Amino acid sequence: MNQKYRQLAKLDKKYTWHPFTQMSEWIKSDPIILTRAKGPHVFDVRGRRYLDANSSIWTNTHGHGHPRIRRAIEKQLRKLSHSSYLGQGNEPASLLAEKLVRLTRKLPRPLNRVFYSDDGSTALEVALKMSFQYWLQQKKEKPRRRFLALEGSYHGDTLGAVSLSHVPLFDGKFKPLLVKSDQVMAPSCYRCPFNRAKPARENAMLARRCNWECVALAEKKLKSRKYAAFVVEPAVQGVAGMVVHPPGYLARIARTARRTNTLLILDEVMTAFGRTGTMFACAQERVTPDLLCLAKGLTGGTMPLAATLTTERVFQAFLGEFHELKTFFHGHSYTGNPLGCAAALANLEIFEREGTFDRIRRLERVLARCLEPLWNLPHVGDIRQKGLVAGIELVKNWKTRGPYPWQERMGAKVCHLAKKKGVLTRPIGDVIVLMPPYCVTPRQIERICRVIYDAISLSTSALERKLARANENDRR
Ligand code: PMP
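Rules of the game
- Residue positions are counted from 1 within each chain, in the order its sequence is given.
- It should be noted that, the model being predicted, local features are given only for residues of pLDDT at least 70 and side-chain atom pairs only at 80 or more, the latter also being counted only at that level, while totals for whole chains, interfaces and linings use all residues.
- The basis for every side-chain value is the complete set of heavy atoms in the structure, and neither hydrogens nor water enter the calculation.
- The secondary structure listing takes helices from DSSP runs of H or I that are at least 4 residues long and strands from runs of E that are at least 2 residues long, numbered from the N terminus.
- For the radius of gyration, the atom set is restricted to C-alpha positions; the globular benchmark scales as 2.2 Å times the number of residues to the power 0.38.
- The buried label applies to any residue whose accessible area, calculated with a 1.4 Å probe on protein chains only, is under 20% of its type's maximum; exposed applies above 50%, and partly exposed to all values in between.
- A contact between two residues is defined here by any heavy atoms of the two lying within 4.5 Å.
- Areas reported here follow the Shrake-Rupley algorithm with a probe of radius 1.4 Å; residue values treat only the protein chains shown as occluding.
- Positive residues here are Lys and Arg, negative ones are Asp and Glu, while His and the chain termini are left out of the count.
- Charge positions come from single atoms, namely NZ of Lys, CZ of Arg, CG of Asp or CD of Glu.
- Simply put, an axis is a line fit to the C-alpha atoms, just over the touching stretch for a helix, and the angle between two N-to-C directions goes from 0 to 180 degrees.
- For classification purposes, an angle smaller than 35 degrees is called roughly parallel, one larger than 145 roughly antiparallel, one from 65 to 115 roughly perpendicular, and anything else oblique.
- If you view the pair so one helix is near and one far, a crossing is left-handed when the near helix is turned anticlockwise from the far one by less than a right angle, and right-handed when it is turned clockwise.
- Each residue gets one label: Ala, Val, Leu, Ile, Met, Phe, Trp, Tyr, Cys and Pro are nonpolar, Asp, Glu, Lys and Arg are charged, and the others, such as Gly, are polar.
- Polar contacts, as used here, are pairs of N or O atoms within 3.5 Å; protein pairs need one atom able to donate a hydrogen and one able to accept it. Residues neighboring in sequence count only if both atoms are side-chain atoms.
- A pair of strands is labelled paired if DSSP reports no fewer than 2 bridges between them.
- A single heavy atom is enough: if one lies within 4 Å of a molecule or strand, its residue is considered near that molecule or strand.
- Just so you know, the domain bounds were taken from an automatic or database domain assignment.
- Buried area is understood as the total, over both parts, of accessible area removed when two parts are fitted together, assessed with a 1.4 Å probe.
- Take a side-chain nitrogen of Lys or Arg and a carboxyl oxygen of Asp or Glu: if they are within 4 Å of each other, that pair is a salt bridge.

Chemist: Just to check I follow, could you spell out the overall build of the protein chain for this structure?
Modeler: Scanning the protein chain from N- to C-terminus turns up 16 helices and 17 strands. Taking 23 Å as the expected radius of gyration for a compact globule of 476 residues, we find that the protein chain reaches 23 Å, a close match to that expectation. Considering only C-alpha atoms, the protein chain reaches an extent of 75 × 55 × 45 Å along its principal axes. Of all 476 residues assigned to the protein chain, the portion counted as buried reaches 53%. In the protein chain, 71% of the contacts between residues at least 6 apart in sequence involve partners at least 24 apart. Accessible surface for the protein chain amounts to roughly 23,200 Å². Of this, 54% is attributable to carbon and sulfur atoms. Where the 78 positive side-chain charges of the protein chain centre and where its 42 negative ones centre are 2 Å apart.

Below you can see the structure in the form of structure tokens.
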């Protein structure tokens, strides 16, 4: 086994280049090489078992290897694994489109067209190009070139998606290549400059006391110019650090977007498919966007597939004679891939057949209970939870909410320790992300939280000791 590990790790380090990874560090590390997975667990080539506490980067819904999804993929593989969606339709793609449209019937205004792509970034790329072209094709309107997004928003890595994102670490270097997009204050209550109320556990009170300054700022921006679209991650901004929006925010900004005739793009790449407690997060605020981007959990965490859903109004703007050139000239080789669509259909069927939403509601309460003790740790500044998504924000100083020096990589240290104890997750800066698949048991949630508690406790006290020593040396 160890020989096999050595061989595979050697090949990995010699030939591959991992995403978001400083490879000089990776090459010196002992990377985990996975070979199989089952339910909430993944197993490495050395036979070690890990609880997948971030659902394989937020993609997995019902657990690894769910028999319904596996069977659907196998069955489809025997029939048609891929054919071009350019010029042909295919069985699972038609069925899935109908299913997705039907799911949006619960929203106040239905969405009725599905444009397939491959992952979250491409779903956003489609939304960006579609909304831009939509305005180009409006007879009575001047073209609209600019987009609005929230501070700290992340919408993917392709250039269009990066343009909509406002994470300086990722978009800074690429600024000269990007489409113009403005940012507006996000409803990040823990760091709200207008309201120093306590963190998320008092969120209900916070929402009552707050004057919605962030909504007023968004309103001001939307009125200041004609934006092509306002793009928002509803309910939870993932890469911003699992920033849970206060209830009511989405409904308010959606109303303003509508009043200012700005298209609303909702990026539900992370929040949809049960992650925040419902099929779509926007349903909780009774909001329908003009464009809805889906990916990650769409196939239950099995195949790369994404979809951008839109309204009849947007779709109609692209219709005309060919020579009018209103066509949406966009697509990929694997658009509408039948294996992905078959997996997605099975994934959606499981929600209906296995009472998944009830289970999520129960697990949400268990997770909240198990996270409670973490508030007692002196360097836990905030704990934010929505559905089965949680972010634990570590800070150097609890009172001032002052962060650790980023070079200390406190979040990474905590996750490294947790990994040694068999719990796999990734931090976002100093926010520890917990996002287990829905098949996790209450005991497994307890275990995840206990491991994270210990890892935070050990890592923060080690750093405090180090910083105290450094201080003492400085004084001498
Ligand atoms: N939007 C959101 C909200 C995301 O969280 C992500 C990925 N973390 C993306 C878009 C990009 O998705 P992908 O990595 O599948 O391209």
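Chemist: Help me understand the packing of helix α5 (residues 91-103) against helix α13 (residues 338-353), please; the structure alone is not making it clear to me.
Modeler: Helix packing for two helices is described by the angle between their axes and how far apart those axes are. Their axes nearest at 8 Å, the elements α5 and α13 cross at an angle of 40°. With respect to their mutual orientation, α5 and α13 come out oblique. At the point where α5 passes α13, the crossing takes the left-handed sense. Taken together, the residues of α13 that come into contact with α5 (itself represented by P92, A93, L95, L96, K99, L100 and L103) are P338, C341, A342, A344, L345, L348 and E352. Residues of the contact of α5 with α13, tallied by class, amount to twelve nonpolar, no polar and two charged.

Chemist: Honestly, unusual backbone geometry in this entry has me stumped. Any pointers?
Modeler: For residues that are not glycine, phi is negative in most cases, and the peptide bond is trans in most cases. A positive phi angle is found at N261, which is not glycine, with a value near 55°. Here F273, not a glycine, exhibits a phi torsion of approximately 55°, which is positive. Turning to its location among the elements, F273 is positioned in the loop between β10 (263-267) and β11 (291-294). The class for F273 is buried, based on a relative accessible area of 0%.

Chemist: It is not clear to me how the side chain of D290 should be interpreted in this structure. Could you clarify?
Modeler: Along the polypeptide, D290 turns up in the loop between β10 and β11. Of the polar contacts made by the side chain of D290, one reaches the backbone nitrogen of L264; its length is 2.7 Å. The residues contacting D290, other than those within four sequence positions of it, are R109, L111, R258, T262, L263, L264, L309, T310, T311, R313 and V314.

Chemist: What am I meant to see in the sheet that holds strand β1 (residues 34-38) here?
Modeler: Strand pairs in the sheet, formed through backbone hydrogen bonds, run parallel or antiparallel to each other. Spatial ordering of the open sheet is given by β1-β2-β3-β15, a layout of four strands whose pairing is mixed. Whereas interior strands pair on both sides, the edge strands pair on one side only; in this sheet they are β1 and β15 (423-424). As paired strands, β1 and strand β2 (residues 41-44) are joined by four bridges and run antiparallel to one another. Bridge pairing links A37 to V42 in β2. Packing of helix α16 (residues 442-475) onto the sheet brings it into contact with β2, β3 (49-52) and β15, and relative to β3 it is tilted by some 100°.

Chemist: Explain the site of the ligand to me, please; I cannot follow it from the model alone.
Modeler: Around the ligand, the neighbouring residues are W58, D119, G120, S121, Y154, H155, G156, E233, D267, V269, M270 and K296. Within the contact set of the ligand, a nitrogen atom lies 3.1 Å away from a side-chain nitrogen or oxygen of K296. Contact with the protein chains removes 84% of the 390 Å² of surface that the ligand exposes when unbound. Of the residues that constitute the shell around the ligand, the class distribution is four nonpolar, four polar and four charged.

Chemist: Please clarify how the domain arrangement of the protein chain should be interpreted in this entry.
Modeler: By convention, interface size is frequently given as the accessible area that disappears when the constituent parts associate. Under the domain assignment used here, the protein chain contains domain 1 (32-62 + 355-475) and domain 2 (70-353). When each unit is reduced to the centre of its C-alpha atoms, the spacing between domain 1 and domain 2 is 27 Å. Contact with domain 1, which involves 36 residues of that partner, is made by 35 residues of domain 2. Overall, the association of domain 1 and domain 2 removes approximately 3,000 Å² of surface from exposure, summing both partners, and the carbon and sulfur fraction of that is 56%. For the pair domain 1 and domain 2, the number of links is one salt bridge. On inspection of domain 1 and its partner domain 2, the count reaches 18 residue pairs in polar contact (both at pLDDT 80 or more). Elements represented by at least two residues in the side of domain 1 that touches domain 2 include exactly α3 (55-58), α14 (356-371), β13 (380-386), β14 (389-394) and β17 (431-434). No other element matches the six residues that β13 contributes to the side of domain 1 that touches domain 2. Split by residue class, the side of domain 1 that touches domain 2 holds 17 nonpolar, twelve polar and seven charged.

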